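Residue-level listing of the chains:
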Amino acid sequence: MRLFLLKRMISTVLTLIVASVVIFVVLEILPGDPASFMLGIHAEAETLAALRAQLGLNQPLSIRYLEWIGGLLTGDLGNSYTYDVPVAELIRDRIMVSFPLALLAITLSTLIAIPLGVVAASQHNKPLDFLIMGFSQLGIAIPNFWFAMLLTIVFAVTLRWLPAGGFVGWDAGIIPALTSLLLPTVALALPQSAILARVTRSSMLDVLKEDYIRTARAKGVGYWSALWHHALRNAMIPVITIMGLQFSFLLAGTIIIENVFYLPGIGRLIFQAISQRDLIVVRDLVLLLSAAVILINFVVDILYALVDPRLRGFNDG
Amino acid sequence: MMPVLEVKDLSVSLHTPRGLVRLISQIDFSLNPGEKFGIVGESGCGKSLTALSIMSLLPANAIMSGEIWFQGKNIQNLTEKQLRRMRGNRISMIFQEPMSALNPVKTIGAQIAEGLLLHLRINKKEAEIRTKQLLDSVGLPVSRFSLNLFPHQLSGGQRQRVMIAIAIACQPDVLIADEPTTALDVTVQERILDLINEIVEDSRMSLLMISHDLGIIAQTTERMVVMYAGNIVESGTTVDVFQSMVHPYTYGLFSAIPKPNRHLHARERLYSIPGQVPEPDARPVGCNFADRCFQVEEICRITPPDMKIIHGQHKVACYRPISHK
């Protein structure tokens, strides 16, 4: 297991380095000069050159890459071109909205999907199975921004139970903050749980046919106990795979949902930064999202190994 | 002596896309305490389904009729809770595929202890001690085989030993062994059979040995039935059936075994029964074996034969049993 962890960690770090190089190079190739964008189209050539020098844009590519990485490691991400505040601060504030949102969404989606999938599998081809799968089909078909608007109309506009958008901030207390994240969480989680429930069900159906389920039953284990204690863990590998993919989609999904609900999160920041050519912010955010995806893959690999001893490497109980 | 297990007129049908198909019909046999009993037949003849009926673990699309009496109780009248208390405790089963019959994500210790904790009033510590004893008794000494091993770290034979430990954990009254050695190497096979024999004799369990292999049945049982296409075609003491088989199918089964000391001439081939086992949904009206039988008569194709006594316990379902006089 230790060797397994070490190997995974090395490959994670390598992937991070490759990702950072790709992001840096791609943003260099892209047209659009931040200096001319900041000064407007009527700027004098000298002023432009001075600003470029101040921003360090006239240094060689490799030096600028290393400076960027060095800054990342020391927590100094430079100042945003447009907001003129430290990028690190900007991102930190936004993460405090987006990360809890993503975590809440994946938690809610898992809590809904796995029990539903297991129940559907246990009732295979019976009315309850059809009912659950029907809802799941609906959940897959509905785009989450539309579902978000529907939620807003029902719970914010008509019933007035929850705020329609905006974020009160964590300083306002846990409960008000969670309340303002509730609708976005549901809007993100339900469509995902629809897919996850399907995956859980089909994986469970496969596992329930296995000989070891019959062995467990022959031991005197009850049907539901065999389902939860013997089948579910074996059925988790495909479920974890999909959850990992979904977490990445969740990060993209927040861009849309944060805009619908007016949340000051990473998604909205990246949207604004791109439209304002704030390349420093874009670069850091893209790296942040890539790093999140890479780290999730690392976590997924570890979860595989925890669930299935056969994936832990040879003879290493 | 009252039999510990009695199967009366057992039939099992399966709902399939092509309709209801009867897989086994009118199976009758009984097992006395401490007795070793065999069911022999080709794959697909309904041996395993018979075993699953006894465990009351038939698939959901199966319909069963007839009666199964276990220790004086008709198991169809038992509640699910009572059945759970019976399975793995009073009656247990060893399955064919040691590779897939153990849960890959649980340690062997946990899988053996599970039955103990379910059925015996013991705590985890006591269960662990008992699990170690069980591993020892199936030839996996704890000094070399930790309770924390996973099935994939063991060989096929070792896994089957774990399976046996699971089955005998609560010292059941009846042990069903469904092709316990079919998936194993021949050398390992012998040792596993010896182990089963030894355990059954030491703890005076009844054994229901299910196999397609006549050699295994001869080696491990006292009484036996021969099944063909869902029916019992011949039954009796193992000695009777082996020495004076009377059903043409049994005769064919024996002739299909190569004999090392008999010289086969160049043109002569090992005997094989002509034709194929009829599919369950295409079985003939009369005797199931009629199409393949070398001494078939008119009557065989009209009504299936009933079991009749040859002598003593030796019975056969045939209009023209082979005579040994």
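A few points on the structure.

Definitions and limits used
One numbering rule holds for all chains: residues counted from 1, following each sequence as written. By the order in which they are written, chains take letters starting at A while ligands take numbers starting at 1. For this predicted model, a pLDDT threshold of at least 70 governs which residues receive local features, and a threshold of 80 or more governs which side-chain atom pairs are given and counted, while totals over whole chains, interfaces and linings are taken from all residues. The basis for every side-chain value is the complete set of heavy atoms in the structure, and neither hydrogens nor water enter the calculation. Any residue with an atom within 4 Å of a point lines the site, the site being either a cavity, points on a 1 Å grid over the protein atoms alone where a 1.4 Å probe fits but cannot get out, or a pocket, an open set with protein on both sides within 12 Å along at least 5 of 7 lines. Grid points are joined across faces, edges and corners, and a volume is the space filled by probe spheres set on the points. Helix and strand labels come from DSSP, where a helix needs a run of H or I of at least four residues and a strand needs a run of E of at least two; each type is numbered from the N terminus. The nonpolar class holds Ala, Val, Leu, Ile, Met, Phe, Trp, Tyr, Cys and Pro. Asp, Glu, Lys and Arg form the charged class, and all remaining residues, Gly among them, are polar. Think of a nonpolar core as a cluster: buried Ala, Val, Leu, Ile, Met, Phe, Trp, Tyr and Cys residues, connected wherever their side-chain atoms sit within 4.5 Å. Only protein chains enter the area calculation, which uses a 1.4 Å probe; residues under 20% of their type maximum are buried, those over 50% are exposed, and those in between are partly exposed. Here, residues are in contact when the closest pair of their heavy atoms is within 4.5 Å.

Some thoughts on the layout of surface pockets
Size it by volume and the largest pocket reaches roughly 1,000 Å³. Surrounding the largest pocket, 26 residues form its lining, Leu208(A), Tyr223(A), Leu58(B), Pro59(B) and Ala60(B) being those nearest its centre. At the level of elements, helix 5 (87-122), helix 8 (174-208), helix 9 (211-219) and helix 10 (223-260) of chain A together with helix 2 (80-86) of chain B are the ones that each hand at least two residues to the lining of the largest pocket. When residues of the lining of the largest pocket are assigned to their parent elements, the largest contribution, 4 residues, is made by helix 9 of chain A. Broken down by class, the residue content of the lining of the largest pocket amounts to 13 nonpolar, 5 polar and 8 charged. A volume near 840 Å³ is recorded for the second largest pocket. What lines the second largest pocket is a set of 34 residues, and nearest its centre among them are Ser25(B), Gln26(B), Asn231(B), Ile232(B) and Met307(B). For the lining of the second largest pocket, the leading source of residues is strand 2 (residues 19-31) of chain B, giving 6 residues. Broken down by class, the residue content of the lining of the second largest pocket amounts to 17 nonpolar, 10 polar and 7 charged.

Re the nonpolar core
Residues Phe29(B), Ile54(B), Ile164(B), Leu175(B), Ile176(B) and Leu208(B) are the most contacted members of the largest nonpolar core, which totals 95 residues. Beyond its immediate sequence surroundings of up to four residues, Ile164(B) is in contact with Ile94(B), Val138(B), Ile192(B), Leu195(B), Ile196(B) and Ile199(B). Membership of the second largest hydrophobic core comes to 45 residues, among which are Ala189(A), Val199(A), Leu205(A) and Ala235(A).

Regarding the environment of Gly157(B)
Residue and element names in this part refer to chain B. Structurally, Gly 157 can be placed in helix 5 (residues 156-168). Sequence separation between Gly 157 and Val 188 is 31 residues; the distance between their C-alpha atoms is 6.1 Å. Not counting residues within four places of it along the chain, the set of residues in contact with Gly 157 comprises Leu 184, Val 188 and Ile 192.

Some remarks on empty space enclosed by the protein
Taken as a whole and assessed by the stated rule, the structure comprises 2 cavities of 30 Å³ or more. Approximately 80 Å³ is the volume found for the largest cavity. Partitioned by chemical class, the residues of the lining of the largest cavity number 10 nonpolar, 2 polar and 1 charged. The computed volume of the second largest cavity comes to approximately 70 Å³. Lining the second largest cavity we find Thr215(A), Ala218(A), Lys219(A), Gly88(B), Ser92(B), Met93(B), Phe95(B), Gly115(B), Met163(B), Ile166(B) and Ala167(B). At the level of secondary structure, the elements contributing two or more residues to the lining of the second largest cavity comprise helix 9 of chain A together with strand 6 (91-94) and helix 5 of chain B.

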